[in-house]
Amino acid sequence: MKRILVLLAHPLIESSTINRALVEALSKHEQVTTHNLYQTYPDFQIDAEKEKELLLCHDIIVFVFPIYWYSSPSLLKEWQDCVLEYGFAYGSKGNKLHGKTLLCMTSTGSPLSAYQADDSQESIMKALLMPIEKMAQDTGLNYLEPITLYGSRTAVEEDRLAPHVTYCMDKINALLSEE
């Protein structure tokens, strides 16, 4: 049976509407372990060995985080720096994550138009998440196309939250059913 590790990196999850609703839905799934990084490490002192153990007993890793100033929250980057060490996650003997899957579920306060280059309809989100995609490649993780909810500040009023959560849960169920 496949297992999913949801790494929540939201410094203000109590006041979040979007990410809180998503993580609450994910945490109800019996094959999902939800791990709140800001709750576990408020002092940013990451227990790398504990985190490695979590990674090893899960098949799919899901990063859930808001985009802040066109980047991920700082604790997610600190987590990567501390946990994804040479000899564990990369290097000649660093193959512990090979074959596992990584999916990012992000949200933005601003609408899609704030994430489009010039007058183009093309989103710059791929470029913003490139460091995570490259990290996945370097560690042997199968990087999936990220899921982003743009304009989270108006998602509830515009009835976009429930469809977003449903879409994310459908993606999780599809990943769990893949052979």
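Quick look at the structure, then. (Residues numbered from 1 in each chain as written. Predicted model: local features only at pLDDT ≥ 70, side-chain atom pairs only at ≥ 80, totals over all residues. Heavy atoms only, no water.)

### Side note on the overall build of the protein chain
Where we set the bar: Numbering goes from the N terminus for both helices and strands, where a helix is a DSSP run of H or I of at least four residues and a strand is a run of E of at least two. Atoms considered for the radius of gyration are the C-alpha atoms alone. The globule rule reads 2.2 Å times the number of residues to the power 0.38. Burial status follows relative accessibility: with a 1.4 Å probe on protein chains alone, a residue under 20% of its type maximum counts as buried, one over 50% as exposed, and anything between as partly exposed. Any two residues whose heavy atoms approach within 4.5 Å are treated as being in contact. In this tally, Asp and Glu contribute negative charge and Lys and Arg positive charge; neither His nor the terminal groups of the chain are included. Charge positions come from single atoms, namely NZ of Lys, CZ of Arg, CG of Asp or CD of Glu.
Helices and strands together make up the secondary structure of the protein chain, namely seven helices and six strands. In the protein chain, the succession of helices and strands from N to C terminus is β-α-β-α-α-β-α-β-α-α-β-β-α. Rg of the C-alpha trace for the protein chain: 16 Å, near the compact-globule value of 16 Å for 179 residues, within the 12% margin. For the protein chain, the spread of C-alpha atoms along the principal axes amounts to about 45 × 40 × 35 Å. Across the 179 residues of the protein chain, 48% fall into the buried class. Within the protein chain, residue pairs in contact and separated by at least 24 positions form 76% of the contacts whose partners lie at least 6 positions apart. Each charge sign in the protein chain was given a centre, from 15 positive and 24 negative side chains, and these centres are 5 Å apart.

### A closer look at the packing of helix α1 (residues 18-27) against helix α7 (residues 161-177)
The axes of two packed helices give the description: the angle between them and the distance between them. Applicable threshold: Inter-axis angles, ranging from 0 to 180 degrees, are taken between N-to-C directions of lines fitted to C-alpha atoms, where helices are fitted over the stretch in contact. Roughly parallel here means an angle under 35 degrees, roughly antiparallel means over 145, roughly perpendicular means 65 to 115, and every remaining angle is called oblique. The handedness criterion is simple: a crossing whose near helix is rotated anticlockwise from the far helix by less than a right angle is left-handed, and one whose near helix is rotated clockwise is right-handed.
Running from N to C, α1 and α7 point in directions that differ by 40°, and their axes come no closer than 10 Å. With respect to α7, the axis of α1 lies oblique. You can see that α1 and α7 cross each other, and the crossing is right-handed. Of the residues in α7, those touching α1 at I18, A21, L22, A25 and L26 are L161, H164, V165, C168, M169 and I172.

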